[in-house]
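# Understanding the architecture of this molecule
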Amino acid sequence: MFPCMPRGKSAERGINTMKSPFVVCLALLFLPAGVPGQEKYPAGIVHGPKAGFNITAPEGWVIDNESGKGQDMPCVLYPKGSSWADAKTGMYAKVASPEWEGVNAFVAMAIKEMKAKHGTPKEKIASGKTKDGHDYFINEYPATKTYSQWERVGYVQLPQGVAYIVLTSRDKPSYQKDSGALEKVLKTLVYVEPKSEAASGQEYARRYRQLLDQHAEGQIEPLLTEWREKAPDDPDAWITSANYYFNQRQTNISPKKPGPGDITLTDKKGKLAGSISFEQVEGSRKRAADLLQEATTKFPDHLDIWCGLAFMYQESGDFENELSTLKKMVAYAREHPAQLKWLKGEPLSEPADKFVPDKLHEYGLYYEKKENAEDDKRWFEIATLATDQYPNDPQGFKDAAGYWADLGEWQKARESFEKAHQLDPKSAAALVALGQISAEMKDFVSARKYYEDALKLEPNGQYSQTAKEALQKLKKK
């Protein structure tokens, strides 16, 4: 490995697969640019996995079921005569993620997560009951020096879930004029039972966990088959089934010495007598992969399913199918960047053109760590996929540069890192790597400049000591 080459998760690019559900939603509170609403109705239904609700637009407002879909907002509201794109005040309605069934815990988490950006809210400025008698209350989130939107959020405790409706205004006058519309909407809210597929999926998941606890293996496979048949729109039916087959193991007792992960057997005198190993049931990996392959056609917007399938091929040593899966995932993601989902159907934690290259980096990292020529080629193939399909993201170029540096192909390594530096000029890691590569090429003038630039960028950062030591060595050249 070339010294100090940022070949793992780079310090400046942490990878978060998930954020808390409220943070994901609140990141979209601004009124976005977009097209005017395509479908407008006086009422709308918002569905969640455990609960749902119906609301009606107040007088002078419309409900739009289309304009917010790209931002995971299936139900948005705005004044008549405007659009979701240009309204000075708008609202959107959602159900909290399924792990939040209690409104107080959900709101406490939201306030904690938003405090740095929104400051301390005014809590429970109003309260009342929905049309069908559920309690609601409203918190106000005034604009701050760092966040210009004026907002208030209505929270409703539903059976097994939390409903919330966000009103957001571009400026204080608009907020003062329109803020009363939120409570009018809350007073129209009526609880709706969960969709039948979601409800049945939860019951199947509960029965599955129960059978696992009971070690009732003979009943699990029929249950999983029934789950997929009875809840065809539930991705978890396929994910759970695939995980079950992928993790199937059989116990083998052998007089052989234990291998990695095996249990050692000894006789009464403490001498080695054999080992216990746990081997995958024959055909189970293929069954798991086939199920996820089917799931990618049914739920192509779920990137977690694509990544799970790629992981299974990786664990099976099938790089050809792994790379093929990653290419298909990237192709779909490029065509549908706004509708992609991650675990439990949550929106991506980052824009697709950052999230997907980071995932490719993780798969390439698996092969880079093996540090052999064959796996390095696989690492490079994945890096090339990233640079070809996401040429504005620096990570693929950093990985490619590391590959060329390991081969001593200094000019190619330098070109790749220069491209990464152009895309991410605030990366001290790239500058230090360019300094190292330039030194290997005997281009000491360039090396000195790269190290000096890295220190200017981060005088006391992660790579500052490396840059200082390198400059000291260059003085002797």
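Position numbers for residues start from 1 in each chain and track the written sequence from start to end. With the structure being a predicted model, the display of local features is reserved for residues of pLDDT at least 70 and the display and counting of side-chain atom pairs for 80 or more, all residues being used for whole-chain, interface and lining totals. As a convention, hydrogens and water are excluded, and side-chain values are obtained from all of the structure's heavy atoms.

## A word on the overall build of the chain
- Broken down by element type, the chain carries 17 helices and 14 strands.
- We call a residue buried when its accessible area falls under 20% of the maximum for its residue type, exposed when it is over 50%, and partly exposed in between, using a 1.4 Å probe and counting protein chains only. Across the 477 residues that make up the chain, the buried fraction comes to 49%.
- Here a residue-residue contact requires only that any non-hydrogen atoms of the pair lie within 4.5 Å. Once local pairs closer than 6 in sequence are excluded, the contacts in the chain between residues at least 24 apart make up 59%.
- Of the roughly 23500 Å² of accessible surface on the chain, a fraction of 50% belongs to carbon and sulfur atoms. A helix here means a DSSP run of H or I that spans at least four residues, while a strand means a run of E at least two residues long, and both kinds are numbered starting from the N terminus. Accessible surface area values rest on a Shrake-Rupley calculation with a 1.4 Å probe, where residue burial reflects the displayed protein chains alone.

## Details of helix H7 (residues 235-246)
- To estimate how far a helix should reach, multiply one less than its number of residues by 1.5 Å. Here H7 spans 17 Å end to end across 12 residues, near enough to the 16 Å set by a 1.5 Å rise per residue.
- In terms of residue burial, H7 counts as a mostly covered element, since nine of its 12 residues are buried.
- Within the sequence span of H7, burial applies to Pro235, Ala237, Trp238, Thr240, Ser241, Ala242, Tyr244, Tyr245 and Phe246.
- Distance and chemistry together define a polar contact, namely a pair of N or O atoms within 3.5 Å, with one atom able to donate a hydrogen and the other to accept it when in protein, and with adjacent residues in sequence counting only for side-chain atoms on both sides. Among the residues of H7, the N-terminal cap falls to aspartate 234, whose side-chain oxygen and the backbone nitrogen of aspartate 236 are separated by 3.1 Å.

## A few points about the pairing of strand S7 (residues 122-129)
- Here, a strand pair is defined by DSSP locating no fewer than two bridges between the strands. Where S7 meets strand S8 (residues 135-141), five bridges bridge the pair, whose relative direction is antiparallel. Residue pairing across strands places lysine 129 opposite aspartate 135, the latter belonging to S8.
- Linking two consecutive strands that pair antiparallel, namely S7 and S8, is a turn of five residues; a positive phi of about 95° is found at glycine 133 within it.

## Comments concerning the nonpolar core
- By size, the foremost hydrophobic cluster in this structure holds 51 residues, and its most contacted members are Leu303, Leu326, Met329, Leu360, Ile382, Phe417 and Tyr451.
- If one sorts the elements of this core by residue count, helix H15 (residues 428-440) sits on top with eight residues. Nine residue types can take part in a nonpolar core, namely buried Ala, Val, Leu, Ile, Met, Phe, Trp, Tyr and Cys, and a core is a set of them joined through side-chain atoms within 4.5 Å.

## Looking at the pattern of salt bridges
- Here, a salt bridge means any Lys or Arg side-chain nitrogen found within 4 Å of an Asp or Glu carboxyl oxygen. For the coordinates displayed, the defined rule picks out 16 salt bridges.
- Here lysine 341 makes a salt bridge to aspartate 301, at a shortest N to O gap of 2.7 Å. Of this pair, lysine 341 sits in the loop between helix H10 (319-335) and helix H11 (352-368) while aspartate 301 is found in the loop between helix H8 (284-298) and helix H9 (303-315), placing the two residues 40 residues apart along the sequence.
- The buried category is assigned to aspartate 301, whose relative accessible area is 14%.

## Structural notes on the environment of threonine 387
- Take threonine 387: it is sitting in helix H12 (residues 373-389).
- Counting along the chain gives 10 residues from threonine 387 to phenylalanine 397, while the straight-line C-alpha distance between them is 6.2 Å.
- Setting aside anything within four residues of it in sequence, one finds threonine 387 in contact with Gly396 and Phe397.
- Polar side-chain contacts of threonine 387 include one of 3.0 Å to the backbone oxygen of threonine 384.

## Topic: the environment of tyrosine 204
- Here tyrosine 204 lies in helix H5 (residues 196-213).
- Through-space distance from the C-alpha of tyrosine 204 to that of alanine 231 is 9.2 Å; in sequence the pair is 27 residues apart.

## Some points on the side chain of serine 446
- Structurally, serine 446 can be placed in helix H16 (residues 444-457).
- Within the structure, the side chain of serine 446 is placed 2.7 Å from the side chain of aspartate 443, a separation counted as a polar contact.
- In contact with serine 446, other than residues within four places in its own chain, are Arg414 and Ser438.

## Re the packing of aromatic side chains
- Aromatic pairs are defined between Phe, Tyr and Trp rings, using the six-membered ring for Trp, whenever the two ring centres lie within 6.5 Å; interplanar angles under 30 degrees are classed as stacked, those over 60 as edge-to-face, and all others as tilted. One pass over the full model with this rule turns up 16 aromatic pairs.
- Ring geometry for tryptophan 342 and phenylalanine 355: centres 5.2 Å apart, planes at 70°, overall edge-to-face. Of this pair, tryptophan 342 sits in the loop between H10 and H11 while phenylalanine 355 sits in helix H11, and the two are 13 residues apart along the sequence. Across the pair, exposure class does not vary: tryptophan 342 and phenylalanine 355 are buried alike.
- An aromatic cluster of three or more residues is present, and its members are Phe106, Phe137, Tyr155 and Tyr164.

## A short note on the packing of H9 against H10
- At a closest axis distance of 8 Å, the pairing of H9 and H10 adopts a crossing angle of 165°. Taken as axis vectors, H9 and H10 run roughly antiparallel relative to one another. Taken as a pair, H9 and H10 cross one another with a handedness that is left-handed. Residues Leu303, Trp306, Cys307, Leu309, Ala310, Tyr313 and Gln314 of H9 form the contact with H10, whose own contacting residues are Asn321, Glu322, Thr325, Leu326, Lys328 and Met329.
- Side-chain classes follow a simple rule in which Ala, Val, Leu, Ile, Met, Phe, Trp, Tyr, Cys and Pro form the nonpolar group, Asp, Glu, Lys and Arg form the charged group, and the remainder, Gly included, forms the polar group. Residue classes in the contact of H9 with H10 are distributed as eight nonpolar, three polar and two charged. The axes are straight lines fitted to the C-alpha atoms, using for helices just the contacting stretch, and the angles between their N-to-C directions are given from 0 to 180°. Roughly parallel means an angle under 35 degrees; roughly antiparallel, over 145; roughly perpendicular, 65 to 115; everything else is oblique. Two helices crossing with the near one rotated counterclockwise from the far one by less than a right angle form a left-handed crossing, whereas a clockwise rotation gives a right-handed crossing.

## Regarding unusual backbone geometry
- Backbone geometry places aspartate 72, a non-glycine residue, at a positive phi of 60°.
- Counting through the fold element by element, aspartate 72 comes out in the loop between strand S4 (61-64) and strand S5 (76-79).
- Here the phi dihedral of histidine 215 falls at roughly 55°; this positive angle occurs in a residue that is not glycine.
- Relative to the helices and strands, histidine 215 resides in the loop between H5 and helix H6 (217-230).

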